[in-house]
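In case you want the letters, here they are:
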Amino acid sequence: MGERPSSIETIGSRVLALAQNDLIWHSLSQCFQNDDHDGVAGINLVEYTADTEAELTENVNRLIGRLDTLAGLPGECTGYSIAWGNQEVEKVWAMRKKAVGLLGNTQGEARPVAFVEDTAVPPENLADFIMDFRAVLDREGLSYGMFGHVDAGVLHVRPALDMKDPEQIKTVRRITDEVVGLVQQYGGLLWGEHGKGVRSEFSPAFFGDLYPELQEIKRAFDPYNQLNPGKIATTNDQQPLLAIDAVPTRGDHDRTIPVASWHYQSDAMYCNGNGACFNYDPNDAMCPSWKGTRERKHSPKGRASLIREWVRVLGEKGTNTQDLAQAEHRRLPFLHWFPRAWKTLRQRQGQYDFSHEVYDSMAGCLACKSCTGQCPVKVDVPEFRARFLHLYYGRYLRPPKDYFVGSLEFIIPLMSRQPFRWVYNSLMSASPVKWLLEHGAGMVDSPHIHHHRLAPRLDKLGVQWASPSRLLELTQAERRRSVVIAAGAGGDSGQALWRHPAL
Ligand code: SF4
């Protein structure tokens, strides 16, 4: 280990602001508690590692000394914080890692688009390159997020565009051409980290004299141009390379979705496919239905994709989900039962409807809302699932199980009292009832009502009932050691105020 930092990263103001509005910022409050972040144009993260704590301290102090001399000078460092130790450092890197996804959480129709997102120039040229890059984007009047690896000269930039707007799509070509000129001017590359893909049209410009050699290799191993045709190199100059504005984009597809459906199901529309929901960590709350099945259609991304396709197919048939939902509100439920029963019968006879595939995916969702909190774009599956089911059950009959489960909230408080409890528990133990529930309503292992009731037990433990007036009476010290428990089972609906006797 030497005196030099192990890594230096930069995070621009836009990404920083998004991070501050995300749950992840709470884990960083210790690191940034002394800083006023209003108007901060960005932060640089400088990491040191060393073999001994003394060496580490010396390196960090050297940087601090340098920052102290720059503090207050125009255009220089406005402040700094130190994250010390593995645990604190990991939290900062977790925020940095989430930065790409956070960019996708921009509001409005213009969303960050990755097309000049991994330029790389020699690190000593990076500052000037960034200034010129920003000038290009500012001339186009675009907002953009920026972060990158300063030590490697790699910059991640995602300008915000509405790819449904044909005029804004033209911006992709203009910006790319200018950025290609800039990276060549600063001795860098257009693709510092990611694949060349549809940017392969620039291969000859960057490989220069080596490009014919690449074509030679391509001819030797892929003479019929079958492997990734149009990418990196083609077998001869007559075969075109892929170009950024000559391939279909997701915007082309999104443009075919009716605007009314787009807004009605907007919780699904903005999924940018970042894949944060494909999470394998058993200690992470993100999507239990994906973890349990490992099937993409049971992930938030899969569900959002299915909804997008569903509204697109409806659009092809000349309708949109907003109009359908309004029509649903105007319907008389009883009269509408017969056409729904008929369609349900046809469904059981095997009549295909794409909405059944969407339904299968939605039926596996537990509505736990982990996606809403943890997805960087805040894709809200329970919200668009509810809107879908509202329309789906306007077309097909609801399963009896839904009515049964829906009524439990009202039935259970009554059933918890004697003699109803005895009747209820006896029925739930009877084999014919179990069989009926399983085969008629699809319910198994229905729980019995326990003979314990919460209210008498809480009274016995000296727990007080919470009420707005009682909570207002609490002193600050009492509030710190009090917990309000929402109790709603067994007929003891209400809220209990609990205080640990030892405190
Ligand atoms: S609400 Fe549904 S889609 Fe979202 S995380 Fe939970 S199970 Fe997955």
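Residues numbered from 1 in each chain as written. Predicted model: local features only at pLDDT ≥ 70, side-chain atom pairs only at ≥ 80, totals over all residues. Heavy atoms only, no water.

S.K.: What am I meant to see in the pairing of strand 1 (residues 7-12) here?
M.R.: Every other side chain in a regular strand lies on the same face of the sheet, so the side chains alternate between the two faces. Of all six residues that make up strand 1, five are buried, and the element is covered over most of its length. Inspection of the sheet shows strand 1 paired to strand 2 (residues 42-47) by six bridges, in the antiparallel sense. When the bridges of strand 2 are listed, Ser7 appears paired with Glu47. Of the strand pairs in this sheet, strand 1 and strand 5 (residues 144-149) are connected by three bridges, and their pairing is antiparallel. Bridge pairing links Thr10 to Gly148 in strand 5. (Buried < 20%, exposed > 50% of the residue type's maximum accessible area, 1.4 Å probe, protein only. Helix = DSSP H or I, 4+ residues; strand = E, 2+ residues; numbered from the N terminus. Pairing = 2+ DSSP bridges.)

S.K.: Where do I start with unusual backbone geometry in this structure?
M.R.: Of all residues except glycine, most have a negative phi; of all peptide bonds, most are trans. The peptide bond linking Gln418 to Pro419 adopts the cis configuration, its omega dihedral lying at 5°. Mapped onto the secondary structure, Pro419 falls in the loop between helix 19 (400-415) and helix 20 (420-429). For Asn225, which is not a glycine, the phi torsion comes out positive at approximately 55°. Among the secondary structure elements, Asn225 is positioned in the loop between helix 8 (211-221) and helix 9 (250-254). One non-glycine residue with positive phi stands out, namely Ile232, at about 65°. Its place among the elements puts Ile232 in the loop between helix 8 and helix 9. Ile232 sits in the partly exposed class, given a relative accessible area of 38%.

S.K.: What am I meant to see in the site of the ligand here?
M.R.: Inspection of the region around the ligand gives 13 residues, with Cys287, Arg303, Cys365, Cys368 and Cys371 positioned closest. Of all elements in the fold, only helix 13 (300-316), helix 17 (370-374) and helix 18 (381-392) reach the threshold of two or more residues within the shell around the ligand. For the shell around the ligand, the class distribution of residues is nine nonpolar, two polar and two charged. (Near = heavy atom within 4 Å. Nonpolar A, V, L, I, M, F, W, Y, C, P; charged D, E, K, R; others polar.)

S.K.: Which parts of the structure should I look at to understand the nonpolar core?
M.R.: As a rule of thumb, nonpolar side chains are buried together in soluble globular proteins. Ranked by size, the top nonpolar core spans 35 residues in total, and within it Met269, Ile307, Trp310, Val358, Val379, Phe384 and Phe388 carry the most contacts. The set of elements that each furnish at least two residues to this core consists of helix 10 (259-264), helix 11 (266-269), helix 13, helix 16 (354-363) and helix 18. (Core = buried A, V, L, I, M, F, W, Y, C linked by side-chain atoms within 4.5 Å.)

S.K.: What is the right way to look at the packing of aromatic side chains in this model?
M.R.: Ring pairs (aromatic) are described by centroid distance and by the angle formed between their planes. For the structure shown, the criterion picks out 13 aromatic pairs. Summarising the aromatic geometry, the rings of Trp262 and Tyr270 are spaced 5.7 Å apart at their centres and angled 90° between planes, so their arrangement reads as edge-to-face. Its relative accessible area of 5% is what places Trp262 among the buried residues. Ring plane angle 75° and centroid distance 5.5 Å describe the contact between Tyr392 and Tyr393, whose orientation is recorded as edge-to-face. As far as the burial class goes, Tyr392 and Tyr393 line up, both buried. Chaining the aromatic ring pairs together yields one cluster made of Trp310, Tyr359, Phe388, Tyr392, Tyr393 and Tyr396. In this structure, Arg387 is placed above the aromatic ring of Tyr264, and the distance from its NZ or CZ to the ring centre is 4.6 Å. (Phe/Tyr/Trp six-rings, centres within 6.5 Å; stacked < 30°, edge-to-face > 60°. Lys NZ or Arg CZ within 6 Å of the ring centre and 35° of its normal.)

S.K.: Is there a simple way to think about the packing of helix 16 against helix 18 in this case?
M.R.: Between two packed helices, what matters for the description is the angle formed by their axes and the separation of those axes. Here helix 16 crosses helix 18 at 135°, and the two axes come no closer than 11 Å. As judged from the angle between their axes, helix 16 and helix 18 are oblique. Considering the relative orientation of helix 16 and helix 18, their crossing is left-handed. Contacts between helix 16 and helix 18 involve Ser355, His356, Val358, Tyr359 and Met362 from the former and Phe384, Arg385, Phe388, Leu389 and Tyr392 from the latter. (Axes fitted to C-alpha atoms, helices over the stretch in contact; angles between N-to-C directions. Parallel < 35°, antiparallel > 145°, perpendicular 65-115°, else oblique. Left-handed = near helix turned anticlockwise from the far one by under 90°. Contact = heavy atoms within 4.5 Å.)

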